[in-house]
Amino acid sequence: MFELPDKAIQVRNEVEAFFNARVLPNNKLWVDQARSGQSNPDIERQLRAEAKALGLWNMALPRLGDSEPGTKLSNLEFTGVAEVLGRLEWASRVFNCHAPDVPNMELLQLFATAQQREDWLNPLLEGEFGSSFAMTEPGVASSDPVNLETTIVRDGDEYVINGRKWFASNASHENTQLIILVGVTDATAKKSKRQSLILIPRHAEGVEVVRNLPVFEHESVTNLHPELTFTNVRVPVAYLLGEEGEGFAMGQARLGPARLHHCMRAIGECEVLISLMLKRSTERTTFGKRLDEYSSTSEAISLSRIELDQCRLLVQQAAHLIDTVGNKEARKKISMIKVAVDRVYQQIADRAVQLYGAKGVTNDTPAARAFGKARAFRIYDGPDEVHLQTIARLEASEQNLENLTHYLFD
Ligand SMILES: Cc1cc2nc3c(=O)[nH]c(=O)nc-3n(C[C@H](O)[C@H](O)[C@H](O)COP(=O)(O)OP(=O)(O)OC[C@H]3O[C@@H](n4cnc5c(N)ncnc54)[C@H](O)[C@@H]3O)c2cc1C
């Protein structure tokens with residue numbers, strides 16, 4: 001087990017107290033407001049103001065230095081907080097700890113100029129507007145970023161952007177003012193130096209929303225996944241983030257903690273699903289027995305507990321590594337948690353759907369939504385296969401196979 005300092009435990013306890021007192025009791029109201037079409041449900045805005053006033057705000061930002069904003073929690077220290085936030089899909093937003101704004105803020109913390117920080121980072125930290133990250137393109141296999149075709153071409157004092165993106169989460173949300181776009185600045189450079197990141201005001205001329213995409217038929221008004229076109233979009237050269245050709249490296253820096261946070265939130269959601277399975281199994285009876293008296297039910301709950309606790313330890317280990325040796329050195333563990341957690345998340349959601357019977361496929365419980373989210377999680381932040389490839393490659397590079405001949409007698 002990883003010991004956390006008192007400060008981290010205190011922050012986690014404060015978040016949990018606020019979650020229990022103010023967020024969870026308002027879940028039904030939030031769902032009603034979102035289902036009635038409010039993309040910024042009133043209750044969410046009210047609770048954001050309350051959480052901010054209490055200082056329970058921006059806790060997901062890493063500890064970069066004393067002059068940096070944020071609560072200065074390490075990644076490991078944040079894991080416990082993220083797990084509480086994961087219990088409800090909208091809770092992270094109450095505390096300004098939600099994706100994609102957090103990974104975007106991290107990018108800006110690391111690479112923005114003073115002017116970019118003033119224009120974009122500070123308002124994001126204050127929660128004044130939202131942001132989006134546009135990498136994936138419908139026309140090419142985007143799990144290999146080398147394939148990306150959107151261009152960023154310098155023309156005097158401006159860059160001109162042309163291309164089509166999709167699944168740029170929340171780019172079409174009414175709060176969103178900033179799109180961080182990945183595009184090609186030099187198609188002839190070596191693979192890792194072709195791309196750059198550029199800051200595009202959401203309402204710049206030439207940025208069009210084609211449509212919002214459903215995820216397994218689920219169309220959320222609060223969490224949108226649009227397809228977008230960029231047609232001769234012009235921005236000043238000062239809107240380039242970092243250096244030309246550094247887009248790939250900066251994108252990687254963004255993804256380590258982002259994956260960690262997704263994993264911890266998923267673990268929090270799985271805890272809710274296990275509790276709901278237990279509750280349901282004591283309330284329903286078939287063939288003269290309560291569901292919890294069947295060994296299949298015990299197995300579903302026990303396996304969920306074993307798998308989830310394994311995942312939590314692995315995630316804590318990955319967080320500790322990111323804190324101590326950095327994203328790059330921790331990349332094998334980051335890939336490991338991504339695959340381990342998304343599969344366990346899907347498995348537990350599947351068991352919860354099954355135990356709830358027909359009710360499990362409705363949206364009267366969180367199980368069906370969790371199942372769809374878990375399935376999508378096996379694709380976004382890198383499909384499982386890509387992570388498995390990374391793990392195998394790093395495993396091979398770390399192993400010394402020379403002494404193995406002593407185990408063999410052929
Ligand atoms: C809910 C959701 C939110 C998202 N949010 C964002 C966002 O905010 N911004 C953004 O830019 N993108 C986002 N995405 C897109 C996501 O990052 C991409 O879908 C992902 O990177 C895969 O790219 P692709 O869809 O082009 O799949 P492809 O690259 O076409 O891959 C398709 C399949 O090919 C197989 N495959 C790929 N590589 C390998 C390999 N090496 N070995 C074996 N098999 C392989 C895998 O089965 C993979 O699923 C989101 C996606 C979803 C579903």
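Remember, predicted model here, so these are calculated numbers, not experimental data.

Asks: I'd love a proper account of the site of the ligand, names of residues and values included.
Replies: Neighbouring residues of the ligand: 21 residues in total, closest Met135, Ala141, Ser143, Ser169 and Glu385. When residues of the shell around the ligand are traced back to their parent elements, those giving at least two are strand S1 (130-134) and helix H12 (384-398). Here the element with the most residues in the shell around the ligand is H12; it accounts for three residues. Here the residues of the shell around the ligand are counted per class, giving 13 nonpolar, seven polar and one charged. Viewed by domain, the shell around the ligand spans two of them, domain 2 (130-241) and domain 3 (248-398), each represented by three or more residues.

Asks: Tell me about helix H9 (residues 295-325), residues and numbers included.
Replies: With 31 residues, H9 should reach 45 Å at 1.5 Å per residue; the first-to-last C-alpha distance of 44 Å fits that figure. Within H9, the full set of buried residues consists of Thr297, Ala300, Ser304, Leu308, Cys311, Arg312, Val315, Gln316, Ala318, Ala319, Leu321 and Ile322. Buried residues belonging to H9 abut helix H4 (75-85), helix H8 (247-283) and helix H10 (331-355). Within two residues after H9, glycine 326 carries a phi angle of roughly 95°, on the positive side.

Asks: Tell me about the pairing of S1, and name the residues and values.
Replies: Within S1, five of the five residues are buried, leaving the element largely enclosed by the surrounding structure. Residues Gly130, Ser132 and Ala134 of S1 are buried on one face, and the alternating residues Ser131 and Phe133, pointing to the opposite face, are buried as well. Both S1 and strand S4 (residues 176-184) contribute to a ladder of five bridges, which runs parallel. Within S4, the position partnered with serine 132 by the bridge is isoleucine 179.

Asks: How would you summarise the nonpolar core if you had to cite specific residues and measurements?
Replies: Core analysis: the largest hydrophobic core is formed by 101 residues, its most contacted members being Ile198, Val315, Ala349 and Ala352. If you tally residues by element for this core, the top one is H10, at 11 residues.

Asks: Tell me about the domain arrangement of the protein chain, residues and numbers included.
Replies: Looking at the assigned domains, one finds that the protein chain contains domain 1 (6-98), domain 2 (130-241) and domain 3 (248-398). Its C-alpha centre places domain 1 at a distance of 28 Å from the equivalent point of domain 2. Contacts between the two partners involve six residues from domain 1, matched on the other side by five residues from domain 2. Here the side of domain 1 that touches domain 2 is built from residues that sort into three nonpolar, three polar and no charged.

Asks: Summarise the pairing of strand S2 (residues 151-155); cite the residues concerned and give the values.
Replies: Pairing of S2 with strand S3 (residues 158-166), which is carried by five bridges, proceeds in the antiparallel orientation. Its bridge partner being in S3, threonine 151 is matched across the sheet by asparagine 162.

What counts, and at which threshold
Residues numbered from 1 in each chain as written. Predicted model: local features only at pLDDT ≥ 70, side-chain atom pairs only at ≥ 80, totals over all residues. Near = placed C-beta within 6 Å. Helix = DSSP H or I, 4+ residues; strand = E, 2+ residues; numbered from the N terminus. Nonpolar A, V, L, I, M, F, W, Y, C, P; charged D, E, K, R; others polar. Domains from an automatic or database assignment. Expected span 1.5 Å × (residues − 1). Buried ≥ 20, exposed ≤ 12 C-beta atoms within 10 Å, placed from the backbone. Contact = placed C-beta atoms within 7 Å. Pairing = 2+ DSSP bridges. Core = buried A, V, L, I, M, F, W, Y, C linked by C-beta atoms within 7 Å.

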